[in-house]
Amino acid sequence: MVTTAELTTEEKPEWCPGCGNFIILKALKEAIVQQGLEPHRILIVSGIGQAGKTPQSMRTFGYHGIHGRALPIATGARLANHTLKIIVIGGDGDAYAIGMGHFIHTMRRNLDLTYLVHNNQVYGLTKGQTAPTSIKGFKTKSTPTGSIEEPVNPIALAIAGGATFVARAYYKQTDDLTQLIIDGMQHKGFALIDIIQYCITFNKVNTPTWYDQRVYKLADEQHDPTNKIRAFEKALEGGERIPLGLFYRESRSTYEDELPQIKDVPLVHQPIDDVNINALIESFF
Ligand SMILES: Cc1ncc(C[n+]2csc(CCOP(=O)(O)OP(=O)(O)O)c2C)c(N)n1
């Protein structure tokens, strides 16, 4: 069985001391160890951003993609080999700004992917611009007099958009975070785990103290995650009360299960010796 040490590369992530990303990385490794998964059965795909550096630190298969395109890359990988466990990683800018179109369409297809969004409500890598999840009034170099936009609500979008596992975790509550990653990976279908992650350098508003005063656990209120309307109501809570845990779960067949060409045999295991590529190419002219 793999250990946390065996999952760790020599690459030390270049994150600021105190960055919430360190804890999320630790929880991800712990989730893999607890499931007894073999590293060569796992692919970690990321976009660009501080969060996007994660695959460099993990001794699994990895693909550090381009900004906002982690989900299409993961979709391609999943369709090529749906025996792989695929974890997709991005920041809130990567996922909910430039990557928003892919986010919506990947959810409705219900590909079997686990999407971890490190949501620090700011652009970290590019040194602190306002993000789509930044709260109203948030002052940065890009909104010096305060953001006048309503922040996106990823949880509500995911429930409405067809994701079949929708959760919010808080980086400080490590055991719950690890368990949600495990549950998301075990879930058959698209799992979003939006993870509240502290950016110690560029977000001086949404600090751990700010969150500690607002978060509460859905499980403490006997929330029923199979009730879509109730999940949506909970998703609309925000500001002064921030629910944590599993909002919504649904059982629905995945894209891979429905696609006739790959549903029985993964593409990578299909014989290609007698495929005439030239004839195929010529048919396009
Ligand atoms: C096409 C393109 N546009 C813009 C950028 C610049 N860029 C890199 S990362 C980033 C946003 C980072 O914020 P986020 O996704 O929230 O991740 P974080 O660094 O906070 O983890 C931007 C705008 C880019 N690399 N590529």
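Source: prediction; values computed, not measured.

Undergrad: Describe the site of the ligand, naming the residues involved and giving the relevant values.
TA: Taken together, 16 residues sit near the ligand, with Gln50, Gly93, Asp94, Gly124 and Leu125 positioned nearest. Here Gly93 contributes a backbone N or O atom positioned 2.9 Å from an oxygen atom of the ligand. In this structure, an oxygen atom belonging to the ligand sits 3.3 Å away from a main-chain N or O atom of Val122. In the complex, 72% of the free accessible area of the ligand, which totals 590 Å², lies under the protein chains. Looking at the shell around the ligand, the elements that each hand over two or more residues are helix 3 (92–98) and strand 5 (122–123). Sorting elements by how many residues they give to the shell around the ligand places helix 3 first, with four residues.

Undergrad: Any details on the pattern of salt bridges? Residues and values, ideally.
TA: Following the criterion strictly, the structure yields 13 salt bridges and no others. The partner of Asp112 in a salt bridge is Arg78, with the nearest N and O atoms 3.6 Å apart. Of this pair, Asp112 sits in the loop between helix 4 (100–109) and strand 4 (114–119) while Arg78 is found in helix 2 (residues 70–80), placing the two residues 34 residues apart along the sequence. For the pair Asp112 and Arg78, a shared accessibility class is recorded, and that class is buried. Residue Arg241 is joined to Glu221 by a salt bridge in which the shortest nitrogen-to-oxygen separation is 3.0 Å. One end of the pair, Arg241, is in the loop between helix 8 (228–235) and strand 10 (242–249); the other, Glu221, is in the loop between strand 9 (215–217) and helix 8, and 20 residues separate them in sequence. In this structure Glu221 comes out as partly exposed when scored by relative accessible area, which is 36%. Through salt bridges that share partners, Glu221, Lys234, Glu237 and Arg241 make up one connected network.

Undergrad: Report on the packing of helix 2 against helix 4, specifying residues and quantitative values.
TA: Where helix 2 contacts helix 4, the two axes come as close as 8 Å, and the packing angle between them is 35°. Counting all contacts with helix 2, which are made through Leu71, Pro72 and Thr75, the residues of helix 4 involved are His102, Phe103 and Thr106. Split into classes, the residues belonging to the contact of helix 2 with helix 4 amount to three nonpolar, three polar and no charged.

The rules we used
Residues numbered from 1 in each chain as written. Predicted model: local features only at pLDDT ≥ 70, side-chain atom pairs only at ≥ 80, totals over all residues. Heavy atoms only, no water. Near = heavy atom within 4 Å. Polar contact = N/O pair within 3.5 Å; in protein donor to acceptor, adjacent residues only side chain to side chain. Areas by Shrake-Rupley, 256 points an atom, 1.4 Å probe, with all protein chains shown as cover. Helix = DSSP H or I, 4+ residues; strand = E, 2+ residues; numbered from the N terminus. Salt bridge = Lys/Arg side-chain N within 4 Å of Asp/Glu carboxyl O. Buried < 20%, exposed > 50% of the residue type's maximum accessible area, 1.4 Å probe, protein only. Axes fitted to C-alpha atoms, helices over the stretch in contact; angles between N-to-C directions. Contact = heavy atoms within 4.5 Å. Nonpolar A, V, L, I, M, F, W, Y, C, P; charged D, E, K, R; others polar.

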